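# Fold and contact review
If you want the building blocks of each chain, they are given just below.
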Amino acid sequence: MVRLEPRRQHSQAMVYLSPVLAIFMTLVVGGIIFAFMGKNPFDALYTFFILPINNSYGISELFVKATPLVIIAVGLSLGFRANVWNIGAEGQLTMGAIFGGGLALYFHDSESAFLLPAMFVLGAIGGAFWAAIPALLRTKFNANEILTSLMLTYVATLFLSFLVHGPWRNPEGFNFPESRPFPDAGLLPIIYDGTRVHLGTAVAVFVVIAGWLLLSKSVIGFQLRVVGKAPQAARHVGFRQKRMVWFTLLLGGALAGLAGLFEVAGPIGQLQPSISPGYGFTAIIVAFLGRLHPVGILFGGLIMALTYLGGELAQITLGLPNAVTGLFQGILLFFLLACDVLTKYRIRFGSTAAKGRTA
Amino acid sequence: MNASFMKRTIAAVAAVGALATGMGAAQAEDVKVGFVYVGPIGDHGWSYRHDIGRQAIVAETGAETSFVESVPEGADAERVIRQMAQTGHNLIFTTSFGYMNPTEKVAKQFPNVKFEHATGYKRADNLSTYAARFYEGRYVAGVIAGKMTKSNIVGYVGSFPIPEVVRGINSFMMGAWSVNPDVKVKIVWANTWYDPGKEGDAAKALIDQGADIMVQHTDSPAPLQVAENRGVLGFGQASDMIKFAPKAQLTAIVDNWDKYYVARAKAVADGTWTSTDTWGGIDSGMVDMAPYTNMPDDVKALAEATEAKIASGEFHPFTGPIYDQAGELRVKEGELADDGMLLGMDWYIKGIDAELPK
C-alpha cells in the first residue's frame, strides 16, 4: 500500500525550486514524446523553446503574448491567496474590452490625447463591475464565486457577440461581425518600432512591481495572507472576510478588464466576436506556476507564452499537431502539482503506521 | 554509357539555362505554401476541407506545404501569418474571415509573398480573396427538403447571422418553396462554427419542435448525427458526412478547394500569379454536391436537374421578384440579385417566419 504522509517541516527552498524542477521534467518527458513521434528530440525542443525567441522580433512577440497573462494572473493571485476563487477573469477581460472599446467607438473621430487614458479607466471599471456581481452574491447570499464568476464569463462573451453583430457593427464592414477600427488616438502606442510591443507591456511590469509591494509591504497584503492561511486567526484579530472578498474581486476584475482593453486597443485594434483565446483561464495556471507571487508570475507568464509560440513554430516547421501545445501545458501543470504534493507530503510504502495505530 | 553521359550533359545544360534565365522564375519545387486554419483539421468540415486542398497541392505539384491549425481569430493570427512569411513561404492561405485584417497587415510588410484570404473583402497587389457560392448548393438542398419533408418543418442550425449564412437560409427556402409552398423553417443560432455539443443540442431542440429535416451551417457532423439517431433526414456540411449518417444524409454541400489551390500554387511557380477576387460556384467545381442518397428516384432526378441548371447558368437561385420580410421589392421580376447585394445580405426574404438577430 502506498500512502501520502504530511511532512512536519517542508523545505522552503523546494517551494521555489519545484517550478524549476517541473519545467526540467517537462522538457525530459516532452523530449521522449517527440522521440516517439519520430522527431529528433533535441531539434524538436529547440524548435519549441529556443527558435521562437532567437531573434528580437520573437522576443517582442513573447512579451506581447505574456502581457495579458501576467496582468490577469497578478490580480487573480491576490484573491487566490485569500481563498477567493475568481475563475471568471475571461468574462471580466471581455467586459473591460467592451467598456473601454465602447468609448473608442463612440469617439471614433476623436484625436484627443485624453481618449486613451479614459479608455484605461473605463476598461478597469468594466472588469471590476463584472467581478462585483460575484462579490455581491458571495457576501450577501454566500453564493459560490467559482460558479458565479465562471457563468458570467459566458454572459460577457455573448454580450460582446451581440454588440458586434448588432449595434456596434462597422457600418462600412459589409455586415460582417466586427466594429469600426479604433481611431489612432484610441490605440496603444508601440514602445519599440517594428514590433507589436505596446504600452500595455510596460503596464504589466508596473503591475508586477505594484503587486509585489502590495503583498509584502502593505497592511492589506498582510491581511490577505493571514486570511488565506489561517482564516480563524484572521477572524479573531478582526480582519473582515467580506472586505477581502470585495477587495480581491474588484482588483482582480479591474486588472483583467485592463488586460482586455490592452488586447483590443493594442494588437487587435477593434472589437470582434473573439478577442481572447482564453487568457482569463490560462492566467489561472500562470498564477499557480508563479507560486502566487508577482515576480514568479512574470516568469510563469513568459513560459506559458513561450509554449504558445513554440507550438505554432512546431506546426509550421516540424508538422507537429496543435495538440502539442496543450500537451506541454498539461505536462507542466502535472509536474508542478506533483512536485508540490511531494514537497508537502512524503510517500510511505506499506502500512506499518496504520497498524501501529489500530493495535 | 553514352546515354547516361548525354543525360548528364542535358541536365547540366538545362541547369545553366535555368540560371541564365534568372532566379526570378521560381520552379515548382521552390513554391512553399502555408495554410492558417481556424479549426482543427479533424473537424470534418471547414478546416478539414481546406486541408484536403492543401494535400492536393502536394500531390499535384510536389510543393512543400505547412499549416497551423486552431489559430484564434484575434491577436495571435498576425504572428502566425508573419512567421509563415518569415520562414520562406511564398504563398499563404488564411482560411477564415477573422484573419482579414492581420492578413492585410502582414501582406503590406512582405510585398514579395503572395497572400490569399478566404471569404473577406480586402485586397492588395499581393493579397487575393476567394470564396465559394455555397448558396447554389443550398438551393438544391432546399428543393430536396421541400420534397422530402412530411411535417413541413425544417430545422436550421445557424452559426452566426452574417451575410454568408443569411444568404444560405434565403436560398434554401426559395428552393424549398419552389416545390412545396407550405414549408416552414425554424432557426437556432449556435453562435459558434465548431462546437459539437452546442450544435447537437440545437438539433435536438429543433427535432423536438417537429422538424423532420435538419440543415446546418456549422462545421461539425453533430446535427446530422442527431438526425440519424432520431430517425429524421438531413444534409451534410462542407464535406460528405455520409459515414456519420448513412441513413439520414440526403446529400452534402461540399467545399472543394482542390482545383483552386493547385491552380494558385502553379501560378506562383510559373510567375503568373496576380491578385484576384474569386467567387466560384457549382460550375467552377468549388461547390460539389455529395451523392444523392436516402431519397426516391424522382426527387434525385429533380435535384440533379436543378444542380445542372445552376451549373450551366440557365438558372440563378436569386432570380426576382424577391421581396424582403417587410414586403419591400428587393429584386425586380426577371432580374438577378447582383453580387454586391448577395455579399451584404442582412435581410430575410418574405415568408421566413423568424426575426434576424440584430
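Note that this is a predicted model, so its numbers are computed, not measured.

## Examining the overall build of chain A
- Across its full length, chain A carries 14 helices and two strands.
- Rg of the C-alpha trace for chain A: 22 Å, near the compact-globule value of 21 Å for 359 residues, within the 12% margin.
- In chain A, which comprises 359 residues, the share counted as buried stands at 48%.
- Within chain A, contacts between residues separated by at least 24 positions form 77% of all contacts whose residues are at least 6 apart in sequence.

## Things to note about the overall build of chain B
- If you tally the helices and strands in chain B, you get eleven helices and 14 strands.
- Once the C-alpha set of chain B is aligned to its principal axes, its extents read approximately 75 × 45 × 45 Å.
- For chain B, the residues scored as buried account for 51% of the 358 residues in total.
- Of the contacts made within chain B by residues no fewer than 6 positions apart, 64% connect residues no fewer than 24 positions apart.

## Some points on the nonpolar core
All names here are of chain A.
- Grouped together as the largest cluster of nonpolar side chains are 203 residues, with contacts concentrated most on L69, V70, I72, A73 and L255.
- For this core, the element with the highest residue contribution is helix α10 (residues 241–268), accounting for 14 residues.
- Not counting the four nearest positions on each side in its chain, L255 is found in contact with I71, I72, V74, G75 and V207.

## Here's the deal with the pairing of strand β8 (residues 213–216) of chain B
All names here are of chain B.
- Of the two faces of β8, the one holding I213 and V215 and the one holding M214 and Q216 are both buried throughout.
- Pairing geometry for β8 and strand β9 (residues 233–238), over two bridges, is parallel. Considered in β9, the bridge of I213 is made with L233.
- In this fold, β8 hands off to helix α8 (residues 222–230), which returns the chain to β9; that crossover is right-handed.

## So, the confidence of the model for chain B
- With 92% of its residues at a pLDDT of at least 70, chain B reaches an overall mean of 90.
- The ipTM assigned to the predicted complex is 0.79, against a pTM of 0.83.

## Considerations on the UniProt feature "transmembrane region" (unreviewed entry) in chain A
All names here are of chain A.
- Here, the residues flagged by UniProt with the feature "transmembrane region" (unreviewed entry) are residues 13–37, 57–80, 92–108, 114–137, 149–168, 197–215, 244–262 and 324–343.
- For residues 57–80, helix accounts for 100% and strand for 0%, while the C-alpha atoms at its two ends are 34 Å apart.
- In residues 149–168, the share of helix is 85% and the share of strand is 0%. The end C-alpha atoms are 25 Å apart.

## A word on the domain arrangement of chain A
Residues and elements named next belong to chain A.
- Here the domain parsing of chain A yields domain 1 (1–39 + 320–354) and domain 2 (49–315).
- Taken together, the contact between domain 1 and domain 2 spans twelve residues of the former and ten residues of the latter.
- Looking at the side of domain 1 that touches domain 2, the elements with two or more residues in it are α1 (12–36) and α13 (323–344).
- Per-element accounting of the side of domain 1 that touches domain 2 gives the leading share, six residues, to α13.
- Classifying every residue of the side of domain 1 that touches domain 2 gives nine nonpolar, three polar and no charged.

## A short note on the interface of chain A and chain B
- With 24 residues of chain A at the interface, the matching set in chain B holds 30 residues.
- For the side of chain A that touches chain B, the secondary structure elements donating two or more residues are α6 (145–165), α10 and α12 (294–318) of chain A.
- With five residues, α12 of chain A is the largest single contributor of residues to the side of chain A that touches chain B.
- Looking at the side of chain A that touches chain B residue by residue, the classes come out as ten nonpolar, eleven polar and three charged.

## A word on the environment of D43 of chain B
Residues and elements named next belong to chain B.
- Summarising the element assignment, D43 is placed in the loop between β1 (32–36) and α2 (46–61).
- Along the chain, D43 and P196 lie 153 residues apart, while their C-alpha atoms are 9.4 Å from each other.
- If near-sequence neighbours (up to four positions away) are discounted, D43 is found in contact with Y48, Y194, D219 and S220.

Here is what the cut-offs are and how they apply
- Residues numbered from 1 in each chain as written.
- Chains lettered and ligands numbered in written order.
- Predicted model: local features only at pLDDT ≥ 70, side-chain atom pairs only at ≥ 80, totals over all residues.
- Helix = DSSP H or I, 4+ residues; strand = E, 2+ residues; numbered from the N terminus.
- Rg over C-alpha atoms; globule rule 2.2 N^0.38 Å.
- Buried ≥ 20, exposed ≤ 12 C-beta atoms within 10 Å, placed from the backbone.
- Contact = placed C-beta atoms within 7 Å.
- Core = buried A, V, L, I, M, F, W, Y, C linked by C-beta atoms within 7 Å.
- Pairing = 2+ DSSP bridges.
- Right-handed = clockwise from strand over helix to strand, strands pointing away.
- pLDDT = per-residue confidence, 0-100.
- UniProt positions renumbered as here; feature names shortened; annotations may be inferred.
- Domains from an automatic or database assignment.
- Nonpolar A, V, L, I, M, F, W, Y, C, P; charged D, E, K, R; others polar.

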